Amino acid sequence: AADPEPNAPIGEAKGLHPGRVVWVHNPDATDWVGPGYGHWWEPAHTNQAVVDAMMSRAIRSLAGEASDAAAWDALIRHFNLTHGRGDVGYAPGEKICVKINLVGCIDDGGWGGVDPSTYNLVTKLDYMNTSPQVVLALLRQLVNVVGVNQADISIGDPVCLFPNQYHDMCSAEFPDVRYMDHRGGITGHPRTKVQPSTTPFYWSD
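So, here is what we can say about the structure in this document. (Residues numbered from 1 in each chain as written. Predicted model: local features only at pLDDT ≥ 70, side-chain atom pairs only at ≥ 80, totals over all residues. Heavy atoms only, no water.)

**Description of the sheet that holds strand β1 (residues 96–99)**
Strands sit in the order β1-β2-β3-β6 across an open sheet of four strands; the sheet is parallel. At either end of the open sheet lies a strand with only one pairing partner, and these are β1 and β6 (192–193). Helix-sheet contacts for helix α3 (residues 132–146) involve β1, β2 (153–156) and β3 (178–181), and the interaxial angle to β2 is about 170 degrees. (Pairing = 2+ DSSP bridges. Helix = DSSP H or I, 4+ residues; strand = E, 2+ residues; numbered from the N terminus. Contact = heavy atoms within 4.5 Å. Axes fitted to C-alpha atoms, helices over the stretch in contact; angles between N-to-C directions.)

**Here's the deal with the environment of A70**
Within the secondary structure, A70 is located in helix α2 (residues 68–82). Take A70: its relative accessible area is 29%, and that puts it in the partly exposed class. Along the chain, A70 and V146 lie 76 residues apart, while their C-alpha atoms are 9.5 Å from each other. (Buried < 20%, exposed > 50% of the residue type's maximum accessible area, 1.4 Å probe, protein only.)

**Comments concerning the packing of α2 against α3**
Viewed as axis vectors pointing N to C, α2 and α3 meet at an angle of 90 degrees, and their least axial separation amounts to 10 Å. In terms of orientation, α2 and α3 fall into the roughly perpendicular class. Contacts between α2 and α3 involve D68, A69, W72 and I76 on the former and, on the latter, L138, Q141, L142, V145 and V146. Per-class residue counts for the contact of α2 with α3 are seven nonpolar, one polar and one charged. (Parallel < 35°, antiparallel > 145°, perpendicular 65-115°, else oblique. Nonpolar A, V, L, I, M, F, W, Y, C, P; charged D, E, K, R; others polar.)

**Considering the pairing of β2**
Neither face of β2 is exposed, since I153 and I155 on one face and S154 and G156 on the opposite face are all buried. Here four bridges tie β1 to β2, and the two strands are oriented parallel to one another. Across the sheet, residue I96 finds its bridge partner in β2, namely I153. Note that the unit made of β1, α3 and β2 has a crossover that is right-handed. Alignment of β2 against β3, held across three bridges, turns out to be parallel. In the sheet register, S154 faces β3, and the bridge partner there is R178. (Right-handed = clockwise from strand over helix to strand, strands pointing away.)

**Notes on the packing of aromatic side chains**
The description of an aromatic ring pair uses the distance of the two centres, along with the angle that the planes make with each other. This structure, assessed with the given rule, holds four aromatic pairs. Plain terms: the ring middles of W41 and Y166 are 5.6 Å apart, the flat faces sit at 65 degrees to each other, and that makes the pair edge-to-face. Taken as a pair, W41 in the segment before α1 (48–63) and Y166 in helix α4 (residues 164–171) lie far apart in primary sequence, 125 residues in all. Each member of the pair, W41 as well as Y166, carries the same accessibility label: buried. Aromatic pair F162 and Y179: ring centres 5.6 Å apart, planes at 80 degrees, arrangement edge-to-face. Taken as a pair, F162 in the loop between β2 and α4 and Y179 in strand β3 lie far apart in primary sequence, 17 residues in all. Aromatic rings pair up to connect W40, W41 and Y166 into one cluster. Sitting above the plane of the W111 ring, K124 keeps its charged end 4.3 Å from the centroid. (Phe/Tyr/Trp six-rings, centres within 6.5 Å; stacked < 30°, edge-to-face > 60°. Lys NZ or Arg CZ within 6 Å of the ring centre and 35° of its normal.)

Written out as structure tokens, the structure is:
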């Protein structure tokens, strides 16, 4: 294919502020210096309070609002407007599903780092998965700010296993959230197993 033309995006910008992308950085989020010094996702190396503040800033910046509550309301109202549901905010009982990336935990014939017999992350301990602190920060927003019932939230990666080390951090605060994965967990470590859909899904890699 030909090289892309600079500053000429392909397609039509979407979103509350069409085409807006938000990036938040704070070096205080982690003090991990690399392999051999624990793991980046451990609470000793990732500061949850800093991550919470970053999540808040990202949501407010994306929506262009001064508070988390106003930002979520603006984002949800825009979604509903563009999906034929009218100018309405979140209604209790509505479901929210979040697909995160647990690429180091892919359930693919032993490639991933999670032992399926224990659900412990045993290899690829420093792989580039979604941080459990980011998951927890998002759940705090959805439950405590938006007002979503825990049981109405599903979060996980359908082709992966949700390891105990990540799950335990999140479920300690939000035990009723549906933590979904490819197998559905094991005795003592339950997860919500994803089910095939009959709706065609087109993708490329």
